[in-house]
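These are the residues of each chain, in order.
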Amino acid sequence: MDTHKNLQGTFSFEFFPPNTPAGVEKLRLTTRHLAGLKPAFFSVTFGAGGSTRERTLGTVLDIRAQGYPAAPHISCIASTRDSVREMLDRYRQSGIRHLVALRGDLPSGLATAGEFRYASELVAFIRKEFGQQFRIEVAAYPEYHPQARSAQEDLANFRRKVEAGADSAITQYFYNADAYFHFVDQCAAMGITIPIVPGIMPIGRFSQLARFSDACGAEIPRWIRKKLEGYVDDTASIRAFGLDVVCRLCEKLLANGAPGLHFYTLNQAELSAAIWQRLGL
Ligand SMILES: Cc1cc2nc3c(=O)[nH]c(=O)nc-3n(C[C@H](O)[C@H](O)[C@H](O)COP(=O)(O)OP(=O)(O)OC[C@H]3O[C@@H](n4cnc5c(N)ncnc54)[C@H](O)[C@@H]3O)c2cc1C
């Protein structure tokens, strides 16, 4: 039975644009595999400063040519209004009507911040220049953005993006469901009603996960970290434990009203598909 069609919510997968012909071929296989699960859409990241602009667009067009819905990300840091407008025009001319709009992080060694400071300015710019032609997703941080001066200010800044015209949000990944529920409750208390879809990071390799988490401020709870560290190089145990942890997290999120799930796949089908199947999506 295809339960996915009856499920309330948006289930999606995120890729990064591959940079080798072999990576492109592998992503095609990954896409085909995951498309069989009937996600609402795939999204493709965008290197800050426009470093992947051609590959992001190329990857989105490739997924769409295979017959599946795909949304590019676009970041505004280190960019001019003209360059962002040009990119959005290309998206529109390619038939794209769905975006993930971000500030991005300044590439190391790049001195200029460009003409946008925050993602809220990008969202406002898209609405001003392109009206309602794009559905706009923005980022949300249940454990708060690492550069935020305070949790309260980060929430207020999130509201700016919503007021600028975001249609929905995808969160940074987290392993503590309470952080998400608290964030969503705070948003509701501020009158924010857009869907806030949890971002889910499957657990594959501990060293990689620890590196990402240090960079983006997503907490790996001590008990999970200790357990993963203890497995050392035992990949099978890491994956089995990770699958249990992440599936329990997803079940809790969905059972308590999360409006879908967005999987950070790192271009690998296996772990996300295993979670999806175990959840019966
Ligand atoms: C779902 C998702 C997808 C992502 N995809 C990409 C991608 O494709 N490419 C990429 O480069 N990065 C991506 N990122 C990472 C993201 O670019 C970084 O987390 C970045 O540091 C912040 O981006 P943002 O859009 O959340 O920024 P913003 O919403 O602008 O927030 C950034 C910081 O500025 C603060 N702030 C916002 N407005 C104001 C204001 N008016 N005054 C003072 N402070 C303010 C916020 O509190 C926060 O601390 C993604 C993140 C998520 C969660």
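You'll find the structure just up there.
Residues numbered from 1 in each chain as written. Predicted model: local features only at pLDDT ≥ 70, side-chain atom pairs only at ≥ 80, totals over all residues. Heavy atoms only, no water.

Quick word on the overall build of the chain
Part 1 of the reasoning: Scanning the chain from N- to C-terminus turns up 10 helices and eight strands.
Part 2 of the reasoning: Counting only residues that meet the buried cut, the chain has 49% of its 281 residues in that class.
Part 3 of the reasoning: Of all intrachain contacts in the chain linking residues separated by at least 6 positions in sequence, the fraction that spans at least 24 positions is 78%.
Part 4 of the reasoning: Surface summary for the chain: the accessible area is close to 13200 Å², and the carbon and sulfur share equals 51%. (Helix = DSSP H or I, 4+ residues; strand = E, 2+ residues; numbered from the N terminus. Buried < 20%, exposed > 50% of the residue type's maximum accessible area, 1.4 Å probe, protein only. Contact = heavy atoms within 4.5 Å. Areas by Shrake-Rupley, 256 points an atom, 1.4 Å probe, with all protein chains shown as cover.)

Description of the site of the ligand
Part 1 of the reasoning: As a structural note, the neighbourhood of the ligand is formed by 23 residues, with Phe46, Asp105, Tyr141, Asp154 and Lys161 the closest of them.
Part 2 of the reasoning: At 2.7 Å, a side-chain N or O of Tyr141 approaches an oxygen atom of the ligand.
Part 3 of the reasoning: With respect to the ligand, the side chain of Asp154 contributes an N or O atom lying 2.5 Å from an oxygen atom.
Part 4 of the reasoning: Among the elements of the structure, α5 (151–164) and β6 (168–173) are those that each provide at least two residues to the shell around the ligand.
Part 5 of the reasoning: The element best represented in the shell around the ligand is α5, accounting for four residues.
Part 6 of the reasoning: Within the shell around the ligand, the residues separate by chemical class into 10 nonpolar, eight polar and five charged. (Near = heavy atom within 4 Å. Polar contact = N/O pair within 3.5 Å; in protein donor to acceptor, adjacent residues only side chain to side chain. Nonpolar A, V, L, I, M, F, W, Y, C, P; charged D, E, K, R; others polar.)

Some thoughts on the pattern of salt bridges
Part 1 of the reasoning: Across all of its chains, the model carries 16 salt bridges by this definition.
Part 2 of the reasoning: When the shortest N-O distance is used, the salt bridge between Glu115 and Arg81 registers 3.3 Å. Separated by 34 residues along the polypeptide, Glu115 in the loop between β4 (98–102) and α4 (119–130) and Arg81 in helix α3 (residues 81–93) bring together distant segments of the chain.
Part 3 of the reasoning: Glu115 sits in the partly exposed class, given a relative accessible area of 38%.
Part 4 of the reasoning: A relative accessible area of 38% means that Arg81 is categorised as partly exposed.
Part 5 of the reasoning: One salt bridge in this structure joins Glu270 and Arg239, with 2.7 Å as the shortest N-O distance. In this pair, Glu270 is assigned in helix α10 (residues 270–279) and Arg239 in helix α9 (residues 235–255), connecting sequence segments 31 residues apart.
Part 6 of the reasoning: The exposed category is assigned to Glu270, whose relative accessible area is 53%.
Part 7 of the reasoning: Sharing partners across several salt bridges, the network here consists of Asp82, Arg85, Lys128 and Glu129. (Salt bridge = Lys/Arg side-chain N within 4 Å of Asp/Glu carboxyl O.)

Details of the side chain of Thr52
Part 1 of the reasoning: Secondary-structure assignment places Thr52 in the loop between β2 (41–44) and α2 (53–65).
Part 2 of the reasoning: For Thr52, the residues in contact, after removing those within four places along its chain, are Pro17, Thr45, Phe46 and Gly47.

Notes on the nonpolar core
Generally speaking, soluble globular proteins have nonpolar side chains that are buried together.
Part 1 of the reasoning: By size, the foremost hydrophobic cluster in this structure holds 85 residues, and its most contacted members are Leu88, Tyr91, Phe158 and Leu253.
Part 2 of the reasoning: The biggest single contributor to this core is α9, with nine residues. (Core = buried A, V, L, I, M, F, W, Y, C linked by side-chain atoms within 4.5 Å.)

Quick notes on the pairing of strand β1 (residues 10–15)
Part 1 of the reasoning: Of all six residues that make up β1, five are buried, and the element is covered over most of its length.
Part 2 of the reasoning: Note: β1 against strand β8 (residues 260–264), five bridges, orientation parallel. Bridge pairing in β8 places Ser12 opposite His262.
Part 3 of the reasoning: For the crossover that starts at β1, traverses helix α1 (residues 21–35) and ends in the parallel β2, the hand is right-handed. (Pairing = 2+ DSSP bridges. Right-handed = clockwise from strand over helix to strand, strands pointing away.)

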